[in-house]
Amino acid sequence: MADDDIAFDVADSGASKTYPMQCSALRKNGFVMLKGRPCKIVDMSTSKTGKHGHAKVHMVGIDIFTQKKYEDICPSTHNMDVPQVKREDYQLTDISDDGFLTLMSDNGDIREDLKVPEGDLGGLLRAEFEEGKELLCTVLAACGEECVIATKANSALDK
């Protein structure tokens, strides 16, 4: 009666990657889903419409992973999705030959699943690591994606 070949690959809490928020409650520098991408709001303006219309909110956001600009207009009374964004600092311990970072969390867990970021940040990260500097990498996670968005010198070691 029971099948022995059932395999469960993913252990997830089942929590949603986004939550709804009324358009008028969103603020500049907050996060919102624009065109299906998690974005940071860089500009917002509200316009009053005609006699029986809704006030409209015009939002401009920058994708937190690709830095592409997205725009959207939504009635202020409607709900928009806001991504669950998690920000965490890791200590950089190594950069592998194939471009993957070895990062250590505060509690000593090691992860090796993130690539060196593209562009100027990646170049700066490699250069400072090769100089022997101790670096902290800030990793942003939202909607099942993760990437390094910033680095800074590890000042905790100086104390």
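Residues numbered from 1 in each chain as written. Predicted model: local features only at pLDDT ≥ 70, side-chain atom pairs only at ≥ 80, totals over all residues. Heavy atoms only, no water.

- In the nomenclature of an unreviewed UniProt entry, the protein is known as Eukaryotic translation initiation factor 5A of Drosophila navojoa.
- Quoted verbatim from the Sequence similarities (unreviewed entry) field of the UniProt record, the comment on the protein reads "Belongs to the eIF-5A family."
- Checking UniProt for the protein, the heading Subcellular location (unreviewed entry) contains the comment "Cytoplasm". (UniProt positions renumbered as here; feature names shortened; annotations may be inferred.)

### Digging into the environment of Gly 122
And step 1. Structurally, Gly 122 is set in helix α1 (residues 119-130).
And step 2. In sequence terms Gly 122 and Ala 150 are 28 residues apart; their C-alpha atoms lie 9.6 Å from each other. (Helix = DSSP H or I, 4+ residues; strand = E, 2+ residues; numbered from the N terminus.)

### Focus: the layout of surface pockets
And step 1. Reported here for the largest pocket is a volume of approximately 440 Å³.
And step 2. Taken together, 20 residues form the lining of the largest pocket, with Ile 64, Gln 67, Cys 147, Val 148 and Ile 149 sitting closest to its centre.
And step 3. Contributing elements (two or more residues each) for the lining of the largest pocket: β4 (56-63), β9 (110-115) and β11 (145-153).
And step 4. For the lining of the largest pocket, the leading source of residues is β11, giving four residues.
And step 5. Taken together, the residues of the lining of the largest pocket break down into 12 nonpolar, one polar and seven charged.
And step 6. No fewer than three residues from each of domain 1 (18-83) and domain 2 (85-153) sit in the lining of the largest pocket. (1 Å grid on protein atoms, 1.4 Å probe; cavity = no way out; pocket = protein on both sides within 12 Å on 5 of 7 lines; lining within 4 Å. Points joined across faces, edges and corners; volume = space filled by probe spheres on them. Nonpolar A, V, L, I, M, F, W, Y, C, P; charged D, E, K, R; others polar. Domains from an automatic or database assignment.)

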